[in-house]
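# Remarks on the overall topology
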Amino acid sequence: MCRLLCVRAGRAIEVQTHLQRFAAIAHDSTEYQGHGWGCAWLQDNAWHTYRDIRPVWEDRLESFPATCLLLAHARSAFRDEGICVENNMPFFDGQRVFLFNGELRGVRIKERGRIGAEKIFNYIRRFDTGDRLAALRKALPIIEKRTRYVRAMNILMADARETYIATTFNEDSDYFQMWLTRAAGVDIVCSEPYPGEAGWHALANGTVTALSAVKV
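A brief report on the enclosed structure follows. In this text, all values refer to a predicted model and were calculated from it rather than measured experimentally.

### Some words on the overall build of the chain
- If you tally the helices and strands in the chain, you get 4 helices and 12 strands.
- For 216 residues, the compact-globule estimate of 2.2 N^0.38 gives 17 Å, and the C-alpha radius of gyration of the chain, at 16 Å, lies within 12% of that figure.
- Taken over the C-alpha atoms alone, the chain extends approximately 40 × 35 × 30 Å along its principal axes.
- Across the 216 residues of the chain, 53% fall into the buried class.
- In the chain, the proportion of contacts linking residues at least 24 apart, taken out of those at least 6 apart, comes to 68%.
- Split by element, the accessible area of the chain, about 10,000 Å² in all, is 46% carbon and sulfur.
- Here the chain contributes 28 positive and 26 negative side-chain charges, whose respective centroids are spaced 8 Å apart.

### A word on the packing of aromatic side chains
- In this structure the tally under the stated criterion is 10 aromatic pairs.
- Through a chain of ring-to-ring contacts, the aromatic side chains of Trp37, Trp41, Tyr50 and Phe64 assemble into a single cluster.
- Across the ring face of Tyr175, the terminal group of Arg3 is positioned such that the distance to the ring centre comes to 3.9 Å.
- Across from the ring centre of Phe121, 5.6 Å away, lies the NZ or CZ of Arg125, which sits over that ring.

### Here's the deal with the nonpolar core
- In terms of nonpolar packing, the biggest core is built from 40 residues, with Leu71, Phe98, Phe100, Ile124, Ile155 and Leu156 touching the most fellow members.
- Mapped onto this core, the elements with two or more residues apiece are β1 (3-13), β2 (37-43), β4 (67-74), β6 (97-107), α2 (116-125), α3 (132-145), β7 (147-158) and β8 (162-169).
- It is β7 that contributes the most residues to this core, 6 residues altogether.
- Contact partners of Phe98, with chain neighbours within four places excluded, come to Met89, Pro90, Phe91, Ala117, Ile120, Phe121, Ile124, Ile155, Leu156 and Met157.
- Judged by nonpolar contacts, the second largest core, of 24 residues, contains Val7, Val15, Ala26 and Trp37.

### A closer look at helix α1 (residues 16-27)
- In a regular helix each residue adds 1.5 Å, so 12 residues correspond to 16 Å; α1 covers 16 Å between its end C-alpha atoms and thus fits that length.
- Those residues of α1 that sit buried are His18, Leu19, Phe22, Ala23, Ile25 and Ala26. Looking straight down α1, one finds its buried side chains confined to an arc of 160°; they lie on one side.

### Some words on the pairing of strand β3 (residues 46-52)
- Pairing between β2 and β3: 7 bridges, direction antiparallel. Bridged to Trp41 within β3 is His48.

### Here's the deal with unusual backbone geometry
- Cis geometry marks the peptide bond from Met89 to Pro90; its omega dihedral reads 15°.
- Within the element layout of this structure, Pro90 appears in the loop between β4 and β5 (91-92).
- Positive phi, normally seen in glycine, also occurs at Asp44, with a value near 55°.
- Summarising the element assignment, Asp44 is placed in the loop between β2 and β3.
- The class for Asp44 is exposed, based on a relative accessible area of 74%.
- Positive phi is not limited to glycine here, since Asn45 has a value of about 65°.
- Given the relative accessible area of 80%, Asn45 is considered exposed.

### Remarks on the sheet that holds β5
- Spatially, the 5 strands line up as an open sheet ordered β5-β6-β7-β8-β12, and their pairing is antiparallel. Two strands in the sheet have a free side with no partner beyond their single neighbour: β5 and β12 (208-212).
- Here α2 sits on the sheet and contacts β5, β6 and β7; the angle it forms with β6, its principal contact strand, is near 105°.
- In this fold α3 packs onto β6, β7, β8 and β12, with an angle of close to 165° to the strand it touches most, β7.

### A closer look at the environment of Trp37
- If you trace the backbone, Trp37 turns up in strand β2.
- Polar contacts involving the side chain of Trp37 include one to the side chain of Asp59, which spans 2.9 Å.

Conventions and cut-offs
Residues numbered from 1 in each chain as written. Predicted model: local features only at pLDDT ≥ 70, side-chain atom pairs only at ≥ 80, totals over all residues. Heavy atoms only, no water. Helix = DSSP H or I, 4+ residues; strand = E, 2+ residues; numbered from the N terminus. Rg over C-alpha atoms; globule rule 2.2 N^0.38 Å. Buried < 20%, exposed > 50% of the residue type's maximum accessible area, 1.4 Å probe, protein only. Contact = heavy atoms within 4.5 Å. Areas by Shrake-Rupley, 256 points an atom, 1.4 Å probe, with all protein chains shown as cover. Lys, Arg positive; Asp, Glu negative; His and termini not counted. Charge placed at Lys NZ, Arg CZ, Asp CG, Glu CD. Phe/Tyr/Trp six-rings, centres within 6.5 Å; stacked < 30°, edge-to-face > 60°. Lys NZ or Arg CZ within 6 Å of the ring centre and 35° of its normal. Core = buried A, V, L, I, M, F, W, Y, C linked by side-chain atoms within 4.5 Å. Expected span 1.5 Å × (residues − 1). Arc of directions from axis to C-beta. Pairing = 2+ DSSP bridges. Axes fitted to C-alpha atoms, helices over the stretch in contact; angles between N-to-C directions. Polar contact = N/O pair within 3.5 Å; in protein donor to acceptor, adjacent residues only side chain to side chain.

Set out below in structure tokens:
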């Protein structure tokens, strides 16, 4: 049960403040979010990724460059298992960046992957023939049907053109609710509103949607 962030802007912006606020959210979470973290960003039309086993609030966040698209993930490992940097998100396949937060019990799909989140990512990719939002809308109902119980399943997936969002939860809405703010040419999706900031609204349970590149 992790923390997720996506910042998409119409121009390159400094991201240190966003990462610091995300680190504060992870640090103060009701669930421990210190099993490592990672992020991905676009620079010169190419994806770059970073992952570290340290908690995000212990890392140096001032070193990341300005970008128009940033995704970050703070990990809370299920049952404190599989704590190694290779299991940290974002997962990246050369085209898409993928983040996951949630808990699925009794999943009956056959897919490769080190952990459940990676298996879900690879399963969604099966349905991707160019329309990634359609792939999400096809794959997720099948995953839910083949799962004994979905406590929550929140996904952020992005390419250079769009950010794809899916949020489902059946309990603990205070924790699993996803939030969005859109202002001044910057869209932000996060597991929680930034501390002390107004202007956020909750994404409806069951949302599957896309945010296109921001225009300024």
